[in-house]
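Residue-level structural notes
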Amino acid sequence: MTHTDAAAPAPASTATGLTTAEVAERVARGQVNDVPVRSSRGVGEIVRANVFTRFNAIIGVLWLIMLVVAPIQDSLFGFVILANTGIGIIQEWRAKKTLDSLAVIGEARPTVRRDGIAVEVSTSALVLDDLIEIGPGDKIVVDGVCVEADSLEIDESLLTGESDPVVKHPGDAVMSGSFVVAGGGAFRATKVGREAYAAQLAEEASRFTLVHSELRSGISTILKYVTWMMIPAAVGLVITQLFVKQNDLGDSVARTVGGIVPMVPEGLVLLTSVAFAIGVIRLGRKQCLVQELPAIEGLARVDTVCLDKTGTLTEGGMDVTEVRSLNGCDETYVRQVLGALGESDPRPNASLQAIIDAFPDADDWRCTMSLPFSSARKYSGATFSEGDGETSTWLLGAPDVLLTADDPALAETERLNEQGLRVLLLARAARDLDDPEVARGAGATALVVLEQRLRPDAADTLRYFAEQNVHAKVISGDNAVSVGAVAAKLGLDARTVDARRLPAGRDDMGRALDEATVFGRVTPQQKRDMVGALQSRGRTVAMTGDGVNDVLALKDADIGVAMGSGSEATRAVAQIVLLNNSFATLPSVVAEGRRVIGNITRVATLFLVKTVYSVLLALLVVCWQVEYPFLPRHLTLLSTLTIGVPAFFLALAPNRERARPHFVRRVMRYSIPGGVLAGAATFVTYLLARHHYTGAGALDAETSAATLTLFLISMWVLAIIARPYTWWRVALVASMGAAFLVVLVVPWLQDFFALKLVGVTMPWIAVGIAVAAAAALEFLWKWVDRRFPA
C-alpha cells in the first residue's frame, strides 16, 4: 500500500506507471526533475572569473592612465592583459565544452515504467509520480515511496552516515542520494527537481570547481602576500616620482606605473587556469571525465592506489569452465539448479551472468522466494518449487563463507584458487531462506569454476605505478588466494592476506596494509576502513572500482576513480570516470596532473622572481630618492621575453616529475633569493650608470644599462628553470635572447622601446655585473636546496 503526495494524486495504476498523457500533463505543470546537471561553469561565469579579478582592476586603472599621459608603447602591458584574459576565457570555454559532452555520455539513465513498458530516460526527464525501477548499483535519483520490493536493500550512508543497508518494503520512503546494494524493486517519485533531498544538499555545489587544490590555494596565498608587499612600495614610489623629484608629469607618471605594473604576477593565475583546462581537454580525448578539476592535481599526488580486482584488473565478464559435483550429486540435476538460480535473479552480477550463459533455465521450476547477492553476505539464494512438486532451497556463493573450516571441499577450492580461478559453491540449505542463519548446516552440492578475463592493459598499468613509486593495493571481495594468483599473473608482488584476519584498530590495520599487497574477502565497510587506515599513515589514496561495494571507499578516498560501465552510485561519488572502462587511462591522468603541478611550480618561480625584484627596486628608489629606472615599455619587453612567452611553453610541456607538497614554500625559497639578487644587481648597475653618464639623454642611457643587466639575470633565471635541457628548451631560451638582441640593433625598435646602449664601458660593466649575479644565483639556489629541502 503506497501513500500519496497531497500536492498531486498518484495515478490510478502504480503497476504500469504513468501514461503518456499523464507525463505530458506533469511537464506542463512544471513537475519535472529540472535540477541542472552542471559539469562546468556557464559562459557568463567563465568571462566574469577571468575579467573581474583584483589584479585586472589594478592593471586596468594604470593602463587607462598611461593611455592618457604617455606614448602608446608605454601602454603595451594593457594589451598583453587583454590577450591573456582572452586566452583564459577561450581555453576554459573549450574545457567546458569537453566536460559537457563527456557528462552527457556518463549521465545516469534511470529506467521508468510508462504505459506499462520499461524505458530508459535522462534524469532530467523524470516527472512527479513516475514509477522508477531499481536494482543493485542503481542510484536513487529522486525522493519517493517504495511500491515494489524484492529483497530490496538500500545504502543510505552517504546521507545518514549509517553504514548498514536498510531493508525496504512497499510503503517505505526512499531518499535521493542513496543507492541499491541488493535486490530490486520500484518506487514512485514524490519529490523531483530542487525539492528532492539530494538536490537540496547539492544546490550550492558545482562539479566544476577550482577549490580544495593545493596549487590554487597556494597561489592565492602568494597573491595575498604580493598585495601586502605592493601597497607600501607603490605608495612610496608615487610620492618619490611625483613630488620629490618634481619631474615632468607624464614622465613621472610613466615611471611610477612602470614600477607598479611588474609587481603584479598577472599571468600566473591565467597559466594555472590554462594548464588545468588543457589537461581536461587532453584527458577528454581519452574518454576520461574529470568531474572535479582538482582531481587531475590530486591523482598526481597519490602514493597509494587501491584497486578493486573485478572490473579493474579483470574484465567484467567471466566464463564457466567446469562444474564439479560433490558428495555424489547428479550433475544433470546440479545443472538444472544452476539454470533455475540464474533465472531467479532479474539483475544478475557477472558471476551469475556466466552461469546463465552456461546453463539453460529449467522450465518446470518456479522460484517462490529469492535472496539477492550482497557483498557483505558473499552469497545469494532462492527457494524453488521443482517440477515434481518438491520444494528446495539453494545457496550460491563463497565456499569459505558457506562451509565450515574442516570441510574437504575447501582443499579443492584452495587448489583452484591458486590457479587464479574463481570458485563458487552450490549448497542445499537446511533452513528457510528468510532465516538469519540460513547458511548454517547447508550441504555442499557442487563447485562452479569460473575463469576471469584479465584486462590486457592491466600489467602495463601496474608496472607504470611501480616505476613511479606508487604502491598498488589489490582489495577484493573474492577469495584471497584467487585474487593473489590473478595479481601474480599481472606481475604484482602478491603478498596475500585474508581480510577476515585483519586487525580492527586503525593503527594495527595500517601496519598490516603496509606489509601486504593483496587482500581478499574484504567487505564494503572494510574497504572504507582500509582507505582510512592508509590515510591515517600519511598516504594519499586513490581508489578505483566499478561495483556498488566500492562506493563507500571511493567516497572516502582522496581520489575516487570509477569505470564508465560501473554502477550509477560509483560514478556519482567518483572524481574521475573512465568512460572507456580502460584502467590503462590512469597513467595518463597521473601524467597530466604531474605536468600541471610540476610546470606551474616552475613558472610560478619565474613570475615571483619578477615580483620580488620589482618591489625591491621600488623600495631602493624610494630610499635613494632617484628616478625609477624603467618605463613600462622596458618591463613589458623584459616580461614578455623572459617570462610571458617562455612560461606559456614551459607550462604546457611534458613533465614526469613526481608531485611534491608545500607548493608555496618550494616556490618562495627560490623566488625570494633570486628576486633580491636580480633587484640588487640591477640597482647597482643603475647607480654606477648615474655616475658614469651626464648631460642630455643621460637617463635613457642609465635605463638602457640597467635594462641590460636585468634582462641578462632574468635570462639566467629562465635558463635554470628550463632545466633539464631538451632541444626545444635550448631553442626557446636562445630565441628569447636573440629577440632582445634584435631590439638592441634595429634602429626603429631602439626608438620604440627607448633602448640604446651608449659607449662601451658601461654596457660591459652591466654585462659583468649580470655575469657575477648569475654565478651567485647558481651558488645561492644550490645552497637553498641543501639548507631548505622541499
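Structure: see above.
Keep in mind that this is a model prediction, so the values were computed, not measured.

With that settled, consider the pairing of strand 14 (residues 422-428). Counting buried residues in strand 14 gives six out of seven residues, a clear majority hidden from the surface. Relative to strand 14, strand 13 (residues 391-397) is paired through four bridges, and the arrangement is antiparallel. Residue pairing across strands places Leu396 opposite Leu426, the latter belonging to strand 14. The pairing of strand 14 with strand 15 (residues 443-454) spans seven bridges and is classified as antiparallel.

With respect to topology, eight strands assemble into an open sheet ordered 8-21-20-19-9-16-18-17, the strand pairing being mixed. The open sheet has two free edges, formed respectively by strand 8 (288-290) and strand 17 (496-498), since each of these has just one partner strand. The average angle at which neighbouring strand axes cross in this sheet is 20°, direction not considered. Here helix 10 (residues 294-301) sits on the sheet in contact with strand 8, strand 19 (541-545), strand 20 (559-563) and strand 21 (576-578), set at roughly 105° to strand 20.

With five of five residues buried, strand 19 is to be regarded as a mostly interior element. Across four bridges, strand 9 (residues 304-308) lies against strand 19 in parallel orientation. Within strand 19, the position partnered with Leu307 by the bridge is Thr544. Summarising the sheet, strand 19 and strand 20 pair through four bridges and their orientation is parallel. Counterpart to Met543 in the pairing with strand 20 is Gly560. Crossover connection from strand 19 via helix 19 (residues 551-556) to parallel strand 20: handedness right-handed.

Turning to the side chain of Arg114, a few remarks are in order. Within the secondary structure, Arg114 sits in strand 1 (residues 111-114). Since its relative accessible area comes to 15%, Arg114 is described here as buried. Polar contacts involving the side chain of Arg114 include one to the main-chain carbonyl oxygen of Ala125, which spans 3.1 Å. Ignoring any residue separated from it by four or fewer positions in sequence, one finds Arg114 in contact with Thr16, Leu18, Val23, Val121, Ala125, Leu126, Val127 and Asp130.

Turning to the nonpolar core, a few remarks are in order. Generally speaking, a soluble globular protein has its nonpolar side chains buried in company with each other. The biggest cluster of nonpolar side chains holds 89 residues, and the ones touching the most others in it are Phe77, Ile600, Val603, Leu606, Phe663 and Phe740. With 14 residues, helix 21 (residues 586-624) is the single largest residue contributor to this core. When sequence neighbours within four positions are dropped, the list of residues in contact with Phe740 reads Leu637, Leu638, Leu641, Thr707, Leu708, Phe711 and Leu755. In this structure, Leu283, Val474, Met563 and Phe583 belong to the second largest nonpolar core, which totals 43 residues.

Under the criterion given, the structure shown has twelve aromatic pairs. Centre to centre, the rings of Trp63 and Phe79 are 5.2 Å apart; their planes meet at 80°, and the pair counts as edge-to-face. Taken together, the residues Trp63 in helix 3 (residues 54-69) and Phe79 in helix 4 (residues 76-106) connect sequence positions 16 residues apart. Taking relative accessible area as the criterion, Trp63 reaches 16% and is therefore assigned buried. On the basis of relative accessible area, Phe79 is assigned to the partly exposed category, the value being 39%.

This part is about unusual backbone geometry. Look at the link from Arg723 to Pro724: it is a cis peptide, with omega at -5°. Turning to its location among the elements, Pro724 is positioned in the loop between helix 24 (698-721) and helix 25 (727-745). Even without glycine at this site, Asp129 takes up a positive phi of about 75°. Topologically, Asp129 is positioned in the loop between strand 2 (117-120) and strand 3 (131-134). Backbone geometry places Asn469, a non-glycine residue, at a positive phi of 60°. For Asn469, the position within the fold is in the loop between helix 15 (458-467) and strand 16 (471-475).

Turning our eyes to something else, we now look at the packing of helix 24 against helix 25. Close contact between helix 24 and helix 25 brings their axes to 10 Å; oriented N to C, the two are set at 170°. Classified by the angle between their axes, helix 24 and helix 25 sit roughly antiparallel to one another. Counted together, Thr707, Leu708, Phe711, Met715, Leu718 and Ala719 of helix 24 and Val733, Met736, Gly737 and Phe740 of helix 25 form the full contact between these two elements. A breakdown of the residues in the contact of helix 24 with helix 25 according to their chemical character gives eight nonpolar, two polar and no charged.

About the thresholds
Residues numbered from 1 in each chain as written. Predicted model: local features only at pLDDT ≥ 70, side-chain atom pairs only at ≥ 80, totals over all residues. Heavy atoms only, no water. Buried < 20%, exposed > 50% of the residue type's maximum accessible area, 1.4 Å probe, protein only. Helix = DSSP H or I, 4+ residues; strand = E, 2+ residues; numbered from the N terminus. Pairing = 2+ DSSP bridges. Axes fitted to C-alpha atoms, helices over the stretch in contact; angles between N-to-C directions. Contact = heavy atoms within 4.5 Å. Right-handed = clockwise from strand over helix to strand, strands pointing away. Polar contact = N/O pair within 3.5 Å; in protein donor to acceptor, adjacent residues only side chain to side chain. Core = buried A, V, L, I, M, F, W, Y, C linked by side-chain atoms within 4.5 Å. Phe/Tyr/Trp six-rings, centres within 6.5 Å; stacked < 30°, edge-to-face > 60°. Parallel < 35°, antiparallel > 145°, perpendicular 65-115°, else oblique. Nonpolar A, V, L, I, M, F, W, Y, C, P; charged D, E, K, R; others polar.

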